[in-house]
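Read off the chains here:
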Amino acid sequence: MCCRQDVSRWLRCGALLRLNPCVVLLVFSLGRISAGHGADAAPTRSSQNFKPEFDRDIRPILAENCYPCHGPDANKRKAKLRLDLREAAVTALPNGEFAIVPGKADQSKLVERIASHDGDEVMPPAKSGKKLTDQQISWLVRWISDGAAWQKHWSFEVPQRPALPAVKNKRWMSNPIDHFVLAKLEEEGLRPMPEAERSVLLRRVSLDLSGLPPTPEQLRNWSQHSDPVAAAAEELLASPHYGERMASDWMDLARYADTHGFNNDVMRSMWRWRDWVIQAFNRNLPYDRFITEQLAGDLLPDPTLDQLIATGFNRNHGINSEGGIIDEEYRVEYVADRVRTTSIAWLGLTVECARCHDHKFDPVSQKDFYRFYAFFNNIDETGEDGRFANAAPIMSAPTDKQQQEMVQLGTRMATAEGRMRDALETRIWKDTSFAEWLPNSSATNVVTATNELIRLAVASGDDSSTLVTNLAGPKPFQVKGKLELEKGPWAQPAIVLDGKTSLSTDGLPKFDSSKGWALSAWVRRDGTSEAPIFSTANFGVPASAEAYAEGLQVRVTPSGEVDVRLAHRWPGYSIQIQTKERLPIGEWEHLVIRFDGATLAKGLRVILNGEECSRDVLHDDLTGQVSLSAPAVLGSSSEPGAASFFGALADVRLISAPADLELLADQSRTLALQLASATPAPERRPAQNNRLRRAWLEKNRPEFAAVSAEYRTARSKLLELERNAPSTMVMRELPQPRPTFVLFRGQYDAAREAVDPDVPEFLLSFPKAAPRNRLGLARWLTDSRNPLTARVVVNRFWQSLFGTGLVKTSENFGYQGELPSHPELLDWLAVDFMENGWDVKRLLRQIVTSATYRQDSRSTAELNERDPENRLLAHGPRQRLTGEMLRDQALFLSGLLHEEVGGPSVFPYQPTNLYKGIVVAADYPGTSYTESTGEELYRRSLYTFWKRTVPQPTLSTFDVPDREVCTARRPKTNTPLQALATMNDTIQVEAARKLAERMVREGGGTGSERLTYGFQLATARPPKPDEQKALSSFLQRRLDAYHRDPQAAKAFVAVGASKRDEKIDPVELAAYANLASLILNLDETITRD
Amino acid sequence: MNEPVLLTRRNFLARSTLGLGSLALGHLLGGVLQGATQNSPGAVGLHFPARAKRVIYLFQSGGPSQLELFDEKQSLKARFDQDLPDSVRMGQRITGMVSGQARLPIAPSKYGFTKCGQSGCSIGDLLPYTQKIADDICVVRTMNTEAINHDPAITFFQTGSQQPGRPCMGSWVDYGLGSENENLPSFVVLISTPSTGTGDQGLLSRLWGSGFLPSRYQGVKLRSGAEPVLYLKDPPGLDRAGRRDWLDTLNALNERRLQTVQDPEIAARVAQYEMAYRMQTSMPDLMDVSHEPESTFQLYGESARQPGSYAANCLLARRMAERGVRFIQLYHRGWDHHGKLPERIKVLSTDVDQGSAALITDLKQRGLLKDTLVVWGGEFGRTVYSQGSLSHDDYGRDHHGKAFSIWLAGGGIKPGISYGETDDFSFNIAENPVHVHDLQATILNCLGIDHERLTYRFQGRHYRLTDVSGQVVKGILA
């Protein structure tokens, strides 16, 4: 009925634009109006002969309005109609009708339905809340009438380098970028703005590339060059501050924080990763390497420490330590976060929707999601972790300085070792008797009888009644399996374990574990299977329980490393270390493990034959005292399926409150020497011979003793450095890949079909020769045929300089993303970037030296009306400083900035008790805030301690995201809270005072000179006469006011921790400080003009 | 005084009222109403007539036990220390805190209940003041959530998602409706700590964060004491006259800049500085309860004189409602009673009972209750079985999301009713379940907002508070 008429009406509108003035207007002004809701980009061509194009004009309408029910998601598809593929859209429907008949809008059901006025008929249905505009309907009609041509989505096609478009005003252009921008402006009948005033432009470049304003000296120097902007860019890109500026942006995407987030929001240590980012930008690491090392540094051949640290990118997500959460639920969240972050950061795709169902808009199926997920599902992590420190996998990441020291110590050790070796080899040892000078000891182990918890002893009897007793406890050991005895190193009885046998005690007596404990034993390893030699870990509770596997486990790895685990709840809340030294096969070795009773891995030390071992720390997040009072097992553990040790043990003892490490090591060394000495010379191993000979030389040759002491000192320093190196979280693959399944509705406990790692095929198939892991994924991402990566990356750098990307939705290049304002320019930049080695500095230099960038930022009322977001780039960028720049600039102008690069995060001023009443009540690291002192108060803002659940308030107020999730662009707000912060935040008031001091000291003798100086520092230009007049009369009024009330002046200049310049009269200083505060609050000062 | 080239303040404000209109002056925390209507905020609602203009949400953080407060189960007395039948638990997952426990023994409430008011609604004797307002409130006994741990559960209630990253309810409302006043933020957060001294669980600023909405929609957390809003106070040594002079000069220079570069952001900035200046007076004025009559403190209790107490925050909530603050979010911490529940719930009940009831009474007296929606409740309830050892006088309860109680009152809500029934164990829902998304949909509905239509496009998709579900609970609407 009425729909027929409607169709014909629309057809007329489509064909004869004159009929409907509204549509005519819309279609003609289309340059400024885009298709999708909120998608206001793509200012375009003259519209007289406008033909809607599928990719640019039609698909956004369909995706927004139709795909939810007629798109890629098979489960939600209605009426078997699919509009995301042409073939499906033009095929007959089950009822014989055609949604789209190319060239024949009047026969297309789609047209009838969208034009209908019948509430039951109209599409999209009213209850969807969606409605097509007149303009959208007219476009659809025209497009179908024109043949309904289909195109692949623009960003899914490999970018090709386009030819430079022809332009009229050839003189304006500086480089190829300008061809594209000018061509579009000329098409729109617009002219670019002239170049900005030099000083303003140089300030813009300086803030853009270093995050700091220029100094007057820099301005002078740069201005002397023939191309000042190029000169400035050169200097700024080489400055260490460049990396800091770029890192700030990247930290948003990488959701970097100094705490784990969630309920407990405990402090973590990831600043080594943050510093890696700063350095990566500073050394201009090619961007494809930047991607590869963060994604898969651990999988590169022989990865460097830096490449391992880089993988922290995928560990920056929040980690939950709330008691009682279900591990797997959160582990799944972490993997999903990696998928989300990786795909937003480098693919500009939000694949997250496909976690629960096929994507409604983009061609990503749920299966695709889990294939992608499989790449990130393979590290040894736990859902509940991070209650005190970093969550595994971790590594110790010594700083550059520590690494240098380590290298030096290594050299010292090597030199000393060489000299000792010479001495050992030169001497003829045949007749040396060792026994006589060895300290005489009847002890067979290092610990005394006091504080014993376990002492293994074997009551001799006939073979059938052999009893293994615990001399420290009332009951004998229970033997599981067949027990054999033999003579131990001191002919004491030793127990032989055949890989099936184990012994266990009753529960051990409770003791105060805060005073530490030591375990010592003679150990002989006979096989290569991984097995516990000692365990009190109680696996007898459900894996989800809080005390799962609480206790100590000492294990030997297949290659002989000693692995020590001390857990509250395995594996989340535990310490795990592994020695680099190995137990040889078939030899008795004396092992001591000492724990200091605190909660850190650095207090857990291992001594082998009297020498402390170097070790790797695999877990370091113990939550408190660990009870060792559960039943102890020798040769195995209560873990279901635990292997049993193959070897022999003697003299196993566990004591509380042990002696100092040095003393234990000394005694252990003596024991090892005695054993070596007691061993008949022909049977001694080379290691034993060396041990004895070295001891002999130490005793008898002072010069050797000196070298040996030098060696020991260096080694002990090296181990100390190793223990104190900062920890960082990294990616580390499990030896056996964890299988990945499609999760029904994204739920952790609803596994369906198994999938293998793979990438969304429609973009580019996985490179054939590449490994199916994150490294292969990195190759796929950085392949020049990957249509998205380079576009997404160059777009984000563009966004960083212009405020808005060429694609405004820098996080979404999919169907629902916005179309690029300058598609050819984007492709040109992307291809040029790849062809020039993904060179970021080159890209930035290219952009800032373009005439486009150099334009004056002034606009006009007409232009504001026509292109409010400056997408046509008819004038230069004008942006409020970021939160970080705003504070850094104030520090810089006032001379307060402490310019150190990198290091642990710092604690600048924060309102008192900001955490009070908000943070978790427990006293976890990071639940209280202690302000830094001295120069640490004045570091650049990116070093500010970032607590996810209570972020630094001023930075938050200025739109720095909380970093709970990946953020590709910041909102830009303008609020009264911002005004309050720049008016009254301590750091701003203090900076105003220090800037005032500079004005008085350096500005000249008169008020007008001084205020000019201050104004110029802040804005890079002198004030105009009327500005000068306004400011100087304000200054005069403030001087008058403070003369009347000198106490007020003193109070104002007392704000902040820095000393004030006592040479300046407080009344004068206060008035200037008021003025400086005003200058720091000027719109021009807080803006990159 | 000021130079002829530079506009005076009065000139500027006159101009900006014309030039900017509601752009900056109409909405204190910033700017343009997006995705919303041009209608004057709150008057007619965004999508249909509003029954409430504002919300006061009394969030009880930690998970109050419904078994002691609102969901009376007489029959449990006979089942003391019996195991929870498997037929009731039905494989429901339990937290890691009790999964190591051998038994799940039933713990009846130590405290009694009274049938109150005309409606005869059963309310726990721990809440004598709430019992008196029984005819003004609607008790919902069948709230349910999938979350069983604090962080995801509270995040779910406040943002509609268990995982971080989404805007909270107050931000959604602010985004949808804008401000009703020119001198105060439109979304305000107040936090009190229990008199037991410890809040146990963290409150996360994401709970009042704007997620992917512009940050101007985030809640402003007020602090007790002299500086309720961060950086509100001028530095020492700068008096009001000095600040005014400073601001006039700044505005004049910024206005000059606006003429030169024609960037409307500058005009907005000038307006925001003016708003900041006004807040410097209006906020302390709001917080200053010294002029409240004696009767106020009789109503709210003496603790209302103690800044930062729950009762004091309830009083502030009323003062903000009077001043047109759109969304007033209170949090009271300390309801997480895994052990010693009888002792601790008594303290918490005393903490919040009088203040909550006083707020309702006070709003009603002032004619504000009819267009103010008040919600009282936590992120989940607690288990019928005891966590840890059980005696008649001492027991603990673990988190329980499958059924728990909250109450609502005021604009749009049917007073004096209870809604929904749980089973004999207050474990499962027998009738009329109300999911978290349903509650959210209902709250928005009272404000004249269709929860399916208040959306924001982010990362290529339209997001809404209720994600992909949520049904307005018609049975509790007036």
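Reference entry: report on the structure contained in this document.

We now examine the overall build of chain B. Looking only at helices and strands, one finds 12 helices and 17 strands in chain B. Within chain B, the fraction of its 478 residues that count as buried is 67%. If you take every contact in chain B between residues at least 6 apart in sequence, the share linking residues at least 24 apart comes to 78%.

Before going further, it helps to examine the overall build of chain A. Scanning chain A from terminus to terminus reveals 35 helices and 23 strands. By principal-axis analysis of the C-alpha atoms, chain A measures approximately 115 × 90 × 55 Å. Expressed as a percentage of its 1089 residues, the buried residues of chain A come to 64%. Sequence-distant contacts in chain A: of pairs separated by 6 or more residues, those separated by 24 or more amount to 70%. Here chain A displays about 40700 Å² of accessible surface, and carbon together with sulfur accounts for 51% of that area. Charge-centre separation for chain A: the mean point of 134 positive side chains lies 2 Å from the mean point of 141 negative side chains.

All chains considered together, the criterion is met by 109 salt bridges over all chains. The shortest N-O distance in the salt bridge between Asp959(A) and Arg880(A) comes to 3.4 Å. With Asp959(A) in the loop between α29 (953-957) and α30 (976-984) and Arg880(A) in strand β22 (residues 879-880), this pair connects stretches of sequence that are 79 residues apart. Taken individually, Asp959(A) and Arg880(A) each receive the classification buried, so the pair is uniform in this respect. Notably, a salt bridge pairs Arg453(B) with Asp450(B), separated by 3.6 Å at the nearest N-O pair. Accessibility expressed as a relative area gives 43% for Arg453(B), which makes it partly exposed. Residue Asp450(B) is classed as buried on the basis of its relative accessible area, which comes to 17%.

Right, let's talk about the interface of chain B and chain A for a bit. Chain B puts 86 residues into the contact, and the matching count from chain A is 95 residues. Taking both partners together, chain B and chain A bury about 7400 Å²; carbon and sulfur atoms supply 54% of that area. Scanning the region where chain B abuts chain A turns up nine salt bridges. In this structure, Asp245(B) and Arg1037(A) form a salt bridge, with 2.7 Å as the shortest nitrogen-oxygen distance. Counting across the chain B and chain A interface gives 35 residue pairs in polar contact (both at pLDDT 80 or more). In terms of residues, the side of chain B that touches chain A owes the most to one element, helix α7 (residues 240-261) of chain B, which gives 12 residues. Class assignment for the residues of the side of chain B that touches chain A results in 34 nonpolar, 30 polar and 22 charged.

Bringing the sheet that holds strand β7 (residues 502-504) of chain A into the picture now. Residue and element names in this part refer to chain A. Ordered by their spatial adjacency, eight strands build an open sheet running β4-β7-β17-β9-β10-β11-β12-β16, and the pairing between neighbours is antiparallel. Because the sheet does not close on itself, it has two edges, and the strands there are β4 (478-480) and β16 (615-620). Two strands pair when backbone bridges link them, and strand β9 (residues 531-535) and strand β17 (residues 633-634) are joined in this way by two bridges, in the antiparallel orientation. Bridge pairing in β17 places Ser535 opposite Val633.

In regular strands, side chains alternate between the two faces of the sheet. Residue and element names in this part refer to chain B. Neither face of strand β3 (residues 121-124) is left uncovered, since the one carrying Cys121 and Ile123 and the one carrying Ser122 and Gly124 both have all their residues buried. Relative to β3, strand β2 (residues 113-116) runs antiparallel, the two being bridged by four bridges. For Thr114, the partnering residue across the bridge sits in β3 and is Ile123. A loop of four residues connects β2 with β3, the two strands running antiparallel in sequence, and Gly117 in this loop sits at a positive phi of about 60°.

Residue and element names in this part refer to chain B. By the element assignment, Leu373 lies in strand β8 (residues 372-377). Residues Leu373 and Lys53, 320 residues apart in the sequence, show an inter-C-alpha distance of 7.8 Å. Discounting residues that sit within four places of it in the chain, Leu373 has contacts with Ala52, Arg54, Val55, Ile56, Leu408, Ala409, Gly411, Ile413, Ile443 and Cys446.

The next point concerns the side chain of Ser668(A). Following the sequence through the fold, Ser668(A) ends up in helix α19 (residues 661-678). A distance of 2.9 Å separates the side chain of Ser668(A) from the side chain of His590(A), its partner in a polar contact.

Right, let's get into unusual backbone geometry. Of note, the bond from Met123(A) into Pro124(A) is cis; its omega dihedral lies within 30 degrees of zero at -10°. A cis geometry characterises the amide bond from Ala392(A) onward to Pro393(A), with omega recorded as 0°. Assignment of secondary structure puts Pro393(A) in the loop between α17 (366-374) and β1 (394-396). Phi is positive for Lys80(A), close to 55°, though the residue is something other than glycine. Looking at the secondary structure, you find Lys80(A) in the loop between α4 (67-70) and α5 (86-89). A positive phi angle is found at Gln262(B), which is not glycine, with a value near 60°. Within the secondary structure layout, Gln262(B) lies in the loop between α7 and α8 (264-287). A residue is classified by how much of its surface remains accessible, and Gln262(B), at 30% relative accessible area, is partly exposed.

Counting 198 residues, the largest nonpolar core has Ile100(A), Trp250(A), Trp273(A), Tyr287(A), Trp346(A), Trp517(A) and Phe534(A) as its most contacted members. Residue contributions to this core peak at 10 residues, all from helix α16 (residues 327-347) of chain A. The next biggest cluster of nonpolar side chains, apart from the first, holds 192 residues, and it includes Ala992(A), Leu1069(A), Val220(B) and Leu253(B).

For the coordinates displayed, the defined rule picks out 54 aromatic pairs over all chains. Seen in terms of ring centroids, Phe212(B) and Tyr463(B) are 4.8 Å apart; in terms of plane orientation they differ by 45°. Their pairing is tilted. With Phe212(B) in the loop between β5 (187-192) and β6 (220-221) and Tyr463(B) in strand β17 (residues 461-463), this residue pair connects regions lying 251 residues apart in the sequence. Each member of the pair, Phe212(B) as well as Tyr463(B), carries the same accessibility label: buried. Relative to Trp376(B), the ring of Trp335(B) lies with its centre 6.0 Å away and its plane at 75°, an arrangement referred to as edge-to-face. Of this pair, Trp335(B) sits in the loop between β7 (327-332) and α11 (341-365) while Trp376(B) sits in strand β8, and the two are 41 residues apart along the sequence. Of the two residues, Trp335(B) and Trp376(B), neither departs from the other in class, the shared state being buried. Through pairs of rings, three or more aromatic residues link up here, namely Tyr242(A), Trp250(A), Trp276(A), Phe281(A), Tyr287(A), Phe290(A), Phe313(A), Trp346(A), Phe797(A), Phe833(A) and Trp838(A). Across the ring face of Trp946(A), the terminal group of Arg963(A) is positioned such that the distance to the ring centre comes to 5.1 Å.

The rules behind the values
- Within each chain, residues carry numbers counting from 1 in the order of the written sequence.
- Going through the entries in the order they are written, you letter the chains from A and number the ligands from 1.
- For this predicted model, a pLDDT threshold of at least 70 governs which residues receive local features, and a threshold of 80 or more governs which side-chain atom pairs are given and counted, while totals over whole chains, interfaces and linings are taken from all residues.
- As a rule here, side-chain values come from all non-hydrogen atoms in the structure, and water together with hydrogens is ignored.
- Each helix is a run of H or I in the DSSP string that is no shorter than four residues. Each strand is a run of E no shorter than two, and both are numbered from the N terminus.
- When a residue's accessible area, from a 1.4 Å probe over protein chains only, is under 20% of the maximum for its type it is buried; when over 50% it is exposed; and in between it is partly exposed.
- Residue contacts follow a heavy-atom distance rule, with two residues in contact if any of their heavy atoms lie within 4.5 Å.
- Here the Shrake-Rupley method, with its probe set to 1.4 Å, supplies the accessible areas, and only the displayed protein chains count as covering residues.
- When charges are counted, Lys and Arg are positive and Asp and Glu negative, with His and the chain ends excluded.
- By convention, the point assigned to a charge is CZ for Arg, NZ for Lys, CD for Glu and CG for Asp.
- Salt bridges are defined by distance alone: a side-chain nitrogen of Lys or Arg within 4 Å of a carboxyl oxygen of Asp or Glu.
- Here's the idea: put two parts together, see how much 1.4 Å probe accessible area each one loses, and the total over both is what we call buried area.
- Here a polar contact means two N or O atoms within 3.5 Å. Within protein one must be a hydrogen donor candidate and the other an acceptor candidate, and residues neighboring in sequence count only if both atoms are side-chain atoms.
- Only Asp, Glu, Lys and Arg are considered charged, only Ala, Val, Leu, Ile, Met, Phe, Trp, Tyr, Cys and Pro nonpolar, and every remaining residue, Gly among them, polar.
- What makes two strands pair is DSSP finding at least two bridges between them.
- Here, the term nonpolar core denotes a set of buried Ala, Val, Leu, Ile, Met, Phe, Trp, Tyr and Cys residues that are joined through side-chain atoms within 4.5 Å.
- Classification of ring pairs uses Phe, Tyr and Trp, with its six-membered ring standing for Trp, and accepts pairs whose centres are within 6.5 Å; under 30 degrees between planes counts as stacked, over 60 as edge-to-face, and the remaining range as tilted.
- When the NZ atom of lysine or the CZ atom of arginine is within 6 Å of a ring's centre and also within 35 degrees of its normal, the charge is said to sit over that ring.

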